[in-house]
Number of protein chains: 2
Amino acid sequence: MTAGAPVPTAAVLVVGTELVYGLRPDTNGPDVARSVAAAGYTPSVIAALPDDRSVIAAHVRDATSAHDLVVVTGGLGPTHDDVTREAAADALGLPLRVEHDVASTLEGIAEGHREPGAASQVLRQACVLEGARVLTPSTGTAPGQVVPTARGHLVLLPGPPGEMRPMLAESLAALVRREQVPPRVIGCVDIRESDAQLRAERALEGHRGVSLTVLGRPSLVDVVLIAHDLDTAALAAAADEVASALAPHCYATDGASLAEVVVGGAAARGITLGLAESCTGGLVAAALTDVPGSSATFRGAIVAYADEIKRSALRVSHDVLAAHGAVSEACVREMATGAREMLGADVAMAITGIAGPGGGGPDKPVGLVWFAVADGSSVSAGSRAFDGDRSLVRERATVHALDLLRLTVAPRA
Amino acid sequence: MTAGAPVPTAAVLVVGTELVYGLRPDTNGPDVARSVAAAGYTPSVIAALPDDRSVIAAHVRDATSAHDLVVVTGGLGPTHDDVTREAAADALGLPLRVEHDVASTLEGIAEGHREPGAASQVLRQACVLEGARVLTPSTGTAPGQVVPTARGHLVLLPGPPGEMRPMLAESLAALVRREQVPPRVIGCVDIRESDAQLRAERALEGHRGVSLTVLGRPSLVDVVLIAHDLDTAALAAAADEVASALAPHCYATDGASLAEVVVGGAAARGITLGLAESCTGGLVAAALTDVPGSSATFRGAIVAYADEIKRSALRVSHDVLAAHGAVSEACVREMATGAREMLGADVAMAITGIAGPGGGGPDKPVGLVWFAVADGSSVSAGSRAFDGDRSLVRERATVHALDLLRLTVAPRA
């Protein structure tokens, strides 16, 4: 495809009443969207639709007339609410025909079914649209279909992800428009979304063919660079400039998570890590141990939820707890020192705060969290006041703790 | 609304290029869909759209002409790619005007911004559609809007879930079409989806007006009962029968999480809890401490990731580790006993296993996890072999640990 030619577009339709009612998250839509983008199509919509023949038919009709590629997942199974085949036939005005190879395979499977009526139900799956290329299932029973349309192609795939994915790959292999440069995700922490946006925009002033999306999550901001008529090296150069403009808030330019950067940084420097957690209650440990290979650097954590555990397991002194309370600079410093000794770690991080909804007061409001890092030569401590409910305070405290660990284990200049 | 009148329909549009590219899962769409269903609207589509003014405008135009309620989330922020306001104005042919109350609040926030240009960016958020009711943000800066349409209403909400949710509740409170009997979610654990389905179907044979959806998550199965022309008491009676048919796998009939049931059960019996975690790395502690008020029963956890911590903090003997290894019945029993003593808890649970991808072998494959519960009079232990990748093994082990705790703290007959 030559530069300047219009980029082909794709629509993704995911079928299932439970999806439209929000009773189950949709994983197929994002999966298919990433794959069609990698095959050179711009994803224009992901729509979840109910198991309703006329609704599906209307969406397939609109999507096939507006987009070069339309991928539909779900509704190809044997039960009465699987109506995608019939809806697609309605939309394109094509008859359904029995695919005999598929039918004979299914007949073997159907013979194993004991419930009356099950056999004919299973055989419905052997029906394909006139002119469709059949995608044979590697697992499961529902075949997929690739149907030519006036603008391009309609691809029908089964809903179970394990059946859908191999057929998606097989169907797209024949429909690749151009190899797309994958987007770059630049991870930032401890910066406002609007500040990240402005800094990134200024860094991109000299770069053409890159579009920018800024995504805020609690305490994290992702700056996403999408290439338009730009090769991988040029996008990488743009990403490097954006990352410099965002330093020291930028923790990754390759999509790595903050925990992965902490584990990788500690491993590179041969530093072992330990934790003392109170209000985060294990979330920081869970984030670090989510990283494969974290056992090389992460030794463990003391989740000291009760004050007695802060005393018995972390050696926080009775006087400190009596005079300053568990949410205090004096306590968090002793927690970090105690965790470092108890866990035999090079660096220990401690977190203690008030996640709410109870436990706050005028001096120590809900959202106040103390952090300390002990590295053997010194202990540094600081506090933050986080907004939000219990789970948001815990999430923000977890991100901040990981960020402090990142800065502690960062390569020395 | 009288029985037999047409049920009003709703469309949910979620805006964000990252969503259409599958770079981030959409949580707002399912959230909004559940809420509009509870308010008496049938959700007809959830569509993810890019940050593209003309695409959003086209979808808003189609949706408002086809549906009684259209809820759009995202694209109301201050950055250049936040174009939902303008797109909605295009779609309905309405002018934008500055809402002065919002503007003066935003001016205060804008003064705190250091980046040049940020202030005018922030103030764009004060623009609302002519005739819109403004939803004042409790957190964040972007106000929501409720705009009358020919068929009903268009609701514009900000994308960050913490800002979106309170405004969604506020906007729907005024738009409820009929009080829907809320669905009953019966939480089950350690049972196959198909077995749960068959047992629930048999239990419902004598009940009319209830439909059944069975949703499997890793290690958990939700049996959802949806009322059709049935009141709350009748649905509750049906839920009780289904729950009996699913006992002892049923842990809640009121939508409570497994961790909430554990914390509630322990609190009711005055039992304190402690944990020793290895492969789950803090996930069980994080789940328990996610429950408000868990500090009354949960004392803490030792996350003993390194074997030295199993020895030093949990008093696992050198001989046991040398003879049986860390993933063994002998080790998990000592971990539970050690945690109980170390944490001064009535009941301690220990978990040690191989989450992968590395660390497995012929005798101890990836997915093997040992569990033990020590209650002061005895220690019981058992193992499971879980399928899946690292995060799935960790998640399944966490669910099983919580389930063992649930059975341990359950009310005595």
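Residue numbers run consecutively from 1 along every chain, following the written order of its sequence. Naming scheme: in the order in which they are written, chains are lettered from A and ligands are numbered from 1. In keeping with the model being predicted, local features are shown solely for residues with a pLDDT of at least 70 and side-chain atom pairs are shown and tallied solely at 80 or more, while totals for entire chains, interfaces and linings include all residues. As a rule here, side-chain values cover all heavy atoms of the structure and leave hydrogens and water aside.

Notes on the side chain of Arg299(B)
To keep things clear, this is the line we draw: Elements are defined by DSSP. Helices are runs of H or I of four residues or more, strands are runs of E of two residues or more, and each kind is numbered from the N terminus. Pairs of N or O atoms within 3.5 Å make up the polar contacts considered here, provided that, within protein, one atom can donate a hydrogen while the other can accept it, and that residues adjacent in sequence are counted only when both atoms are side-chain atoms. Whether two residues are in contact is decided by their heavy atoms: any pair within 4.5 Å suffices.
Of note, Arg299(B) is situated in strand β14 (residues 298-304). A distance of 2.6 Å separates the side chain of Arg299(B) from the backbone oxygen of Leu343(B), its partner in a polar contact. With residues up to four places along the chain from it excluded, the contact list for Arg299(B) reads Val303(A), Ala304(A), Tyr305(A), Ala306(A), Glu308(A), Ile309(A), Thr272(B), Leu273(B), Leu343(B), Gly344(B) and Ala345(B).

Side note on the domain arrangement of chain A
Using the following cut-off: An automatic or database domain assignment supplies the residue ranges for each domain.
Each domain of chain A was delimited in the assignment, giving domain 1 (9-173), domain 2 (184-252) and domain 3 (258-409). Computed from C-alpha coordinates alone, the two centres of domain 1 of chain A and domain 3 of chain A are separated by 49 Å.

So, the sheet that holds strand β8 (residues 153-157) of chain A
Condition: Here, a strand pair is defined by DSSP locating no fewer than two bridges between the strands. Axis definition: a line fit to C-alpha positions, over the contact stretch in the case of helices; interaxial angles, taken between N-to-C directions, run 0 to 180 degrees.
Taken together, the 12 strands give an open sheet; going across it, the order is β6(A)-β7(A)-β8(A)-β3(A)-β1(A)-β2(A)-β2(B)-β1(B)-β3(B)-β8(B)-β7(B)-β6(B), and neighbouring strands pair in mixed fashion. Here the strands that pair on one side only, and so sit at the sheet edges, are β6 (133-135) of chain A together with β6 (133-135) of chain B. Each strand of the sheet is rotated relative to its neighbour by a mean of 15°, with strand direction disregarded. Sheet topology places strand β1 (residues 9-15) of chain B next to strand β2 (residues 42-49) of chain B; 7 bridges connect them, and they run parallel. Its bridge partner being in β2(B), Ala11(B) is matched across the sheet by Val45(B). Those strands touched by helix α3 (residues 53-66) of chain A are β1 (9-15), β2 (42-49), β3 (69-73) and β8 of chain A together with β2 of chain B, and its axis lies near 170° from that of β1(A).

Some details on the relation of the copies chain A and chain B
We count it as follows: Here the copies were fitted onto each other by least squares, based on C-alpha atoms from residues at pLDDT of at least 70 in both.
Note on the copies: chain A fits chain B at an RMSD of 2.7 Å, the axial shift is 2.2 Å, and the rotation between them is 179°. The residues that chain A uses at the interface reappear at the interface of chain B in 80% of cases, marking a shared surface.

Some words on the interface of chain A and chain B
The criterion, for reference: Reported buried area values correspond to the accessible surface (1.4 Å probe) lost by two parts on association, with both partners' losses combined. Any Lys or Arg side-chain nitrogen located within 4 Å of an Asp or Glu carboxyl oxygen qualifies as a salt bridge.
Of the residues lining the interface, 71 residues belong to chain A; the matching set on chain B comes to 71 residues. Between chain A and chain B, roughly 5500 Å² of surface is buried when both sides are summed, and carbon and sulfur atoms account for 59% of that area. Ranking the residues of chain A by area buried against chain B places Tyr21(A), Arg299(A) and Tyr305(A) at the top, with a combined share of 11%. For the interface between chain A and chain B, the tally reads 2 salt bridges. Note that Glu308(B) and Arg299(A) form a salt bridge whose closest N and O atoms lie 3.3 Å from each other. Examining the composition of the side of chain A that touches chain B, we find that 8 residues originate from one element, β2(A), more than from any other. Pairing between β2(A) and β2(B): 3 bridges, direction antiparallel. For Ala47(A), the partnering residue across the bridge sits in β2(B) and is Ala47(B).

What about the packing of aromatic side chains?
Our working rule: Paired rings are identified among Phe, Tyr and Trp, the last through its six-membered ring, by centres lying within 6.5 Å, and are further divided according to the angle between planes into stacked (under 30 degrees), edge-to-face (over 60) and tilted (the rest). Per-residue accessibility, obtained with a 1.4 Å probe over protein chains only, is compared with the maximum for each type, and a residue is labelled buried under 20%, exposed over 50%, and partly exposed between these values.
Inspection of the entire model under this criterion finds 4 aromatic pairs over all chains. Seen from their ring centres, Tyr305(A) and Phe298(B) are 5.7 Å apart, and the 55° between their planes marks the pair as tilted. In this pair, Tyr305(A) sits in the loop between β14 (298-304) and α12 (307-312) while Phe298(B) sits in strand β14, so the two residues belong to two different chains. Pair check on accessibility: Tyr305(A) and Phe298(B) agree, each one buried. Relative to Phe386(A), the ring of Phe371(A) lies with its centre 6.2 Å away and its plane at 90°, an arrangement referred to as edge-to-face. One end of the pair, Phe371(A), is in strand β16 (residues 368-374); the other, Phe386(A), is in the loop between β17 (379-385) and α15 (390-409), and 15 residues separate them in sequence.

Focus: the sheet that holds strand β12 (residues 250-252) of chain B
One key point about sheets: their strands pair by backbone hydrogen bonds, in either a parallel or an antiparallel sense. Residues and elements named next belong to chain B. Ordered in space as β10-β11-β9-β12, the 4 strands form an open sheet in which the pairing is antiparallel. At either end of the open sheet lies a strand with only one pairing partner, and these are β10 (210-217) and β12. Averaged over neighbouring strand pairs, the angle between their axes works out to 30° when direction is ignored. Two elements, strand β9 (residues 184-189) and strand β11 (residues 220-227), share 6 bridges in a ladder whose sense is antiparallel. When the bridges of β11 are listed, isoleucine 186 appears paired with valine 223.

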